[in-house]
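Overview (structure and organization)
Here is how the chains run, residue by residue.
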There are 2 protein chains.
Amino acid sequence: MLKPLMNFTGGLAAALLVMSAQATALKQEDISVAEVLRDRALESSDAYSHVESLTVEVGPRRAGTKGDERAVAWAQQKMKDLGFDRVYTEQIDVKRWARGHAHAEVTAPFPQPLVVTSLGYGASTPEGGLTAEIVEFADVDALLKAPARKVKGKIAFINKRMERARTGEGYGPAAAGRSKGMRAAAEKGAAALLLRSVGTDSDRFAHTGMMSVDGVENPVPALALSAPDANLLEAMLKRGKPVQVKLNVHNEALADGPSFNVIGEVVGREKPEEVVIIGAHLDSWDEGTGALDDGAGVAVVMETARLIAELPQRPRRTLRVVLFGAEEIGLVGAKQYVDAHANDLEKIIMVSESDFGAGKIWRFDTRIPESKFAIADQMMQLLAPLGIKRGDNKASGGPDGSVFVAQGVPAMTLHQDGTDYFDYHHTPNDTLDKVDPENLKQNVAAWVVMSFLATEMDGDFGRVSTEH
Amino acid sequence: MLKPLMNFTGGLAAALLVMSAQATALKQEDISVAEVLRDRALESSDAYSHVESLTVEVGPRRAGTKGDERAVAWAQQKMKDLGFDRVYTEQIDVKRWARGHAHAEVTAPFPQPLVVTSLGYGASTPEGGLTAEIVEFADVDALLKAPARKVKGKIAFINKRMERARTGEGYGPAAAGRSKGMRAAAEKGAAALLLRSVGTDSDRFAHTGMMSVDGVENPVPALALSAPDANLLEAMLKRGKPVQVKLNVHNEALADGPSFNVIGEVVGREKPEEVVIIGAHLDSWDEGTGALDDGAGVAVVMETARLIAELPQRPRRTLRVVLFGAEEIGLVGAKQYVDAHANDLEKIIMVSESDFGAGKIWRFDTRIPESKFAIADQMMQLLAPLGIKRGDNKASGGPDGSVFVAQGVPAMTLHQDGTDYFDYHHTPNDTLDKVDPENLKQNVAAWVVMSFLATEMDGDFGRVSTEH
């Protein structure tokens with residue numbers, strides 16, 4: 001019989017906490033409005049139709065391509081149609097690159113084709129291709145430690161598997177091979193890099209993605225292999241004979257060109273100069289239609305703002321939706337945004353980005369002063385019924401958001417379940433069918449609570465620590 | 001307290017059934033040996049290592065290609081290594097074809113690339129490609145019924161979805177579009193055929209496969225679209241504007257050439273001229289490594305025979321493993337086998353083929369005289385503990401086996417669970433990682449029971465009805 005009593009005490013404590021928080025943070029009337037917005041999102045949000053529209057009517061939109069241009073036009077028109085008060089673009093400069101072909105095949109001892117794709121901004125082989133023996137490394141560190149004579153003239157094969165996790169925490173260790181592998185291979189005189197895809201699937205898709213190319217003197221072709229093809233090379237190598245691979249790759253580095261951050265605002269009624277930024281990135285990789293990465297995020301933040309714009313009055317502060325350009329090729333849009341707005345960053349009350357697919361949100365992180373935790377606690381009252389638990393105070397704000405956090409801008413992160421995200425990430429298989437409309441509704445419900453209350457709250461979060 | 005009594009009665013009835021069956025069919029000592037073989041298979045069968053070897057050391061092996069040649073050499077060597085008494089090949093003639101490239105893209109109103117693959121033996125576009133409007137049909141029957149003016153000069157798009165089922169029964173209705181679609185499109189003056197892939201996945205792989213090309217006067221390019229790409233066209237069409245697609249396809253029809261059925265025998269000790277055929281097909285489609293289709297089947301029947309060859313004595317009859325050539329392009333190896341052996345078919349006691357992936361076996365069908373059902377019942381005593389239930393008496397014997405059944409040869413079919421089979425079937429994604437080693441052990445356990453007892457039984461099944 002102890003349990004009900006404890007529950008009662010807990011309930012009482014919670015009620016007291018709410019009362020105390022209300023006194024210092026959010027008004028009950030705003031919480032009530034947020035609750036209505038949340039429930040409206042769960043019933044009728046249109047986020048799925050936005051991502052459907054983007055993937056069907058635009059599709060692939062790598063920064064600096066024609067698809068990117070179409071995406072910029074699409075985003076402006078869509079935000080106008082959705083009733084935003086202001087819609088505008090800000091130009092950014094992007095490095096451009098044209099993907100050509102990428103063929104690979106084992107020529108000996110067991111000839112058969114391999115499924116590969118060029119990593120972003122990768123080099124070409126000589127005309128007609130190149131053939132060399134492969135040499136396997138457990139990870140990029142093993143390649144970095146290897147003597148050059150072991151690698152010279154060969155194809156370095158990094159065979160690191162990525163671990164599956166809801167948080168996506170396996171990504172960093174595996175992606176190190178992608179970001180640093182080509183440079184390491186080139187510096188040791190390798191003929192090329194073959195990288196087991198940074199992904200958690202076992203489908204015959206290679207996962208593309210960005211690598212560090214700046215300042216590499218003699219860049220070599222760098223290709224991701226699908227997981228089954230990496231298994232194949234591994235199995236051939238176990239048989240003890242040298243494995244020869246032929247690569248034939250053509251890509252083109254192009255002159256720099258323009259892209260755009262696309263921005264839509266619901267202008268604040270009391271403090272229009274104070275801004276809550278909710279973001280996503282508009283660009284995608286070029287082999288899928290960018291449904292999960294990051295069409296879903298674009299849809300969620302657009303729909304969040306639409307629901308708020310439908311209220312009878314504007315929120316106190318301005319809600320600014322920023323669809324960043326060129327995220328995939330190095331957070332280019334976010335970096336140039338922060339540079340261009342260096343003098344306005346203090347007016348950004350909070351930043352948050354949706355860029356982790358379309359899974360259910362399960363955790364709410366913040367990066368705010370501890371003295372303001374009552375606000376997050378009040379948000380949690382509306383988030384908890386959505387299956388969301390309170391996380392830590394080390395919110396990154398998302399990839400583009402992290403660029404703002406590095407300048408001291410407070411941030412929040414609504415973590416999506418990323419268990420399956422890296423099955424599709426940066427592959428041709430990132431398509432609309434991978435998006436569950438019900439999950440998107442839950443996402444919008446959480447986003448609208450966080451976003452609306454951040455625009456309405458008394459006071460602000462000041463600046464925050466930029467430490468990890 | 002009723003239940004234990006009922007169980008006892010059931011057990012008694014089963015025991016009586018066994019005694020009566022033993023009198024007319026299988027000897028208890030053979031059943032005991034079969035049980036040992038079954039349990040050995042469950043513990044230590046090497047089927048997985050056979051399919052690993054085939055996929056790693058040979059890989060794709062479409063009939064009439066270099067890969068096919070390597071597969072034929074591999075199969076002979078492997079069967080010799082496994083201790084078969086006789087290993088030999090029988091030449092067959094196959095139509096040959098070289099797959100070139102297949103590119104497709106929507107050019108208007110929403111330009112973006114599509115993932116496609118040529119159906120087997122498909123034609124090319126004119127140099128430089130062709131661009132035409134697509135016109136959608138629910139299935140091939142709708143195309144067949146359409147007036148030619150609706151199709152002429154356009155790309156016929158058959159958008160039939162395949163139903164998922166353990167039995168694979170959704171395959172026939174969907175595959176009709178593949179087998180008959182190009183002919184129908186060509187006869188109505190279409191520019192080309194685009195077919196929603198015959199498959200149950202939602203991955204961005206197009207499923208290739210055979211179509212009827214003989215006697216089509218003006219064959220047109222015929223391409224399978226991945227499911228997400230078919231969804232994309234469907235979504236574009238719903239927006240009401242004409243959808244233009246550009247196709248650029250190159251393939252080459254080649255002169256006929258040789259391939260081979262590869263045959264290995266464990267020769268019978270008493271009636272060597274009487275034969276039980278267990279088969280699989282050695283060829284595969286060319287975009288995957290043919291792990292499920294039909295490397296797994298090859299491995300299962302090879303391992304079945306190996307286990308039997310390890311016994312202290314040879315079985316009464318000959319166990320003949322036939323690895324059919326050119327199954328994928330029209331059961332060519334089986335048809336030529338039956339033609340070449342027309343006079344020996346009476347000596348084939350039973351035929352069975354494994355060609356439905358690597359799922360667990362769940363059902364045992366026969367095509368034998370009802371008077372011999374006691375034999376199947378006795379087999380079931382050893383199969384039931386493997387999770388297998390008795391099916392009907394309409395066994396097809398498998399795709400190649402059905403060619404024998406059409407000549408009155410008795411057949412058995414051990415049905416695999418095909419729930420996922422058509423997720424991978426005829427795609428680049430048919431690779432070793434899709435094969436579960438534990439499932440293969442269960443397969444071999446069932447096959448060794450059926451095969452061994454068929455070689456040992458008293459009497460035979462005579463000839464059977466060829467009706468479906």
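Residues numbered from 1 in each chain as written. Chains lettered and ligands numbered in written order. Predicted model: local features only at pLDDT ≥ 70, side-chain atom pairs only at ≥ 80, totals over all residues. Heavy atoms only, no water.

By the naming in an unreviewed UniProt entry, chain A goes by Carboxypeptidase Q and is assigned to Microbulbifer pacificus. Here is the UniProt Subunit (unreviewed entry) comment for chain A, exactly as written: "Homodimer. The monomeric form is inactive while the homodimer is active." (UniProt positions renumbered as here; feature names shortened; annotations may be inferred.)

**A short note on the interface of chain A and chain B**
Between chain A and chain B, the contact holds 32 residues from the first and 32 residues from the second. Carbon and sulfur atoms supply 50% of the area that chain A and chain B bury against each other, a total of about 2,300 Å² over both sides. Of all residues in chain A, Val56, Arg204 and Arg239 of chain A bury the most surface against chain B, accounting for 25% of the area lost on that side. The interface formed by chain A and chain B holds 4 salt bridges in total. Notably, a salt bridge pairs Glu57 of chain A with Arg239 of chain B, separated by 2.7 Å at the nearest N-O pair. At the boundary of chain A and chain B, one finds 20 residue pairs in polar contact (both at pLDDT 80 or more). Elements that contribute at least two residues to the side of chain A that touches chain B include exactly helix H3 (47–57), strand S2 (112–114) and helix H8 (227–238) of chain A. Considered class by class, the residues forming the side of chain A that touches chain B number 13 nonpolar, 10 polar and 9 charged. (Contact = heavy atoms within 4.5 Å. Buried area = accessible area lost by both parts, 1.4 Å probe. Salt bridge = Lys/Arg side-chain N within 4 Å of Asp/Glu carboxyl O. Polar contact = N/O pair within 3.5 Å; in protein donor to acceptor, adjacent residues only side chain to side chain. Helix = DSSP H or I, 4+ residues; strand = E, 2+ residues; numbered from the N terminus. Nonpolar A, V, L, I, M, F, W, Y, C, P; charged D, E, K, R; others polar.)

**Topic: the packing of aromatic side chains**
Under the criterion given, the structure shown has 17 aromatic pairs over all chains. Their ring planes at 20° and their centres at 4.6 Å tell us that Tyr171 of chain B and Phe422 of chain B sit as a pair that is stacked. Within this pair, whereas Tyr171 of chain B is found in helix H7 (residues 171–187), its partner Phe422 of chain B is found in helix H13 (residues 421–424), the two being separated by 251 residues in sequence. Connected via pairs of aromatic rings, a cluster forms that spans Tyr171, Phe356, Tyr421 and Phe422 of chain A. Arg166 of chain A extends its terminal NZ or CZ atom over the ring of Trp362 of chain A, reaching a point 3.4 Å from the ring centre. Directly above the ring of Phe373 of chain A sits Arg390 of chain A, whose terminal nitrogen or CZ lies 5.3 Å from the centroid. (Phe/Tyr/Trp six-rings, centres within 6.5 Å; stacked < 30°, edge-to-face > 60°. Lys NZ or Arg CZ within 6 Å of the ring centre and 35° of its normal.)

**Focus on the layout of surface pockets**
Residues and elements named next belong to chain A. Taken as a whole, the second largest pocket encloses approximately 1,300 Å³ of empty space. As for the second largest pocket, its lining consists of 45 residues, and the residues nearest its centre are Tyr171, Glu327, Ser396, Gly398 and Pro399. Those elements that place two or more of their residues in the lining of the second largest pocket are helix H7 (171–187), strand S12 (361–367), helix H12 (399–405), strand S14 (411–416) and helix H13 (421–424). Ranked by residues supplied to the lining of the second largest pocket, first place goes to H7 with 5 residues. (1 Å grid on protein atoms, 1.4 Å probe; cavity = no way out; pocket = protein on both sides within 12 Å on 5 of 7 lines; lining within 4 Å. Points joined across faces, edges and corners; volume = space filled by probe spheres on them.)

**A look at the relation of the copies chain A and chain B**
Taken as rigid bodies, chain A and chain B are interconverted by a rotation of 180° and an axial shift of 0.0 Å, the fit giving an RMSD of 0.0 Å. On this basis, the relationship between the two copies can be described by a two-fold rotation axis. When the interface residues of chain A are mapped onto chain B, 100% of them again fall at the interface, so both copies present the same face. (Least-squares fit on C-alpha atoms with pLDDT ≥ 70 in both.)

**Here we look at the pairing of strand S1 (residues 86–108) of chain B**
Residues and elements named next belong to chain B. Relative to strand S8 (residues 244–266), S1 is paired through 19 bridges, and the arrangement is antiparallel. For Ala98, the partnering residue across the bridge sits in S8 and is Glu252. Bridge count between S1 and strand S2 (residues 112–114): 3 bridges; the pairing is antiparallel. Bridged to Val106 within S2 is Gln112. The hairpin turn running from S1 into S2, its antiparallel successor, is 3 residues long. (Pairing = 2+ DSSP bridges.)

**A look at the packing of helix H2 (residues 28–44) of chain A against helix H14 (residues 437–456) of chain A**
All names here are of chain A. Interhelical geometry of H2 versus H14 gives an angle of 160° and a closest axis separation of 8 Å. Here H14 runs roughly antiparallel to H2, going by the angle between their axes. The two elements H2 and H14 cross, and the hand of that crossing is right-handed. Across the interface between the two elements, Asp30, Ile31, Val33, Ala34, Leu37, Arg38, Ala41, Leu42 and Glu43 from H2 touch Lys441, Gln442, Val444, Ala445, Val448, Val449, Phe452, Leu453 and Glu456 from H14. Among the residues making up the contact of H2 with H14, the classes are represented as 12 nonpolar, 1 polar and 5 charged. (Axes fitted to C-alpha atoms, helices over the stretch in contact; angles between N-to-C directions. Parallel < 35°, antiparallel > 145°, perpendicular 65-115°, else oblique. Left-handed = near helix turned anticlockwise from the far one by under 90°.)

**What about the UniProt feature "domain: Peptidase M28" (unreviewed entry) in chain A?**
Per the UniProt record, "domain: Peptidase M28" (unreviewed entry) is annotated on residues 261–447 of chain A. Split by type, residues 261–447 of chain A is 33% helix and 25% strand. Its first and last C-alpha atoms lie 21 Å apart.

**Some details on the nonpolar core**
Residue and element names in this part refer to chain A. Among the nonpolar cores identified, the biggest contains 114 residues, and Met182, Leu323, Ile329, Phe364, Met379, Leu383 and Leu453 are the most heavily contacted of them. Counting contributing residues, this core receives three or more from each of domain 1 (25–85 + 267–456) and domain 2 (100–254). Excluding residues within four positions of it along the chain, Leu383 makes contact with Phe364, Ile388, Leu414, Ala446 and Val449. (Core = buried A, V, L, I, M, F, W, Y, C linked by side-chain atoms within 4.5 Å. Buried < 20%, exposed > 50% of the residue type's maximum accessible area, 1.4 Å probe, protein only. Domains from an automatic or database assignment.)

**So, the packing of H2 of chain A against helix H11 (residues 373–383) of chain A**
Residues and elements named next belong to chain A. Their axes nearest at 10 Å, the elements H2 and H11 cross at an angle of 35°. Here H2 runs over H11; the crossing is right-handed. Here Ile31, Ala34, Glu35 and Arg38 of H2 come into contact with H11, specifically with Gln378, Gln381 and Leu382. Residues belonging to the contact of H2 with H11 are distributed by class as follows: 3 nonpolar, 2 polar and 2 charged.

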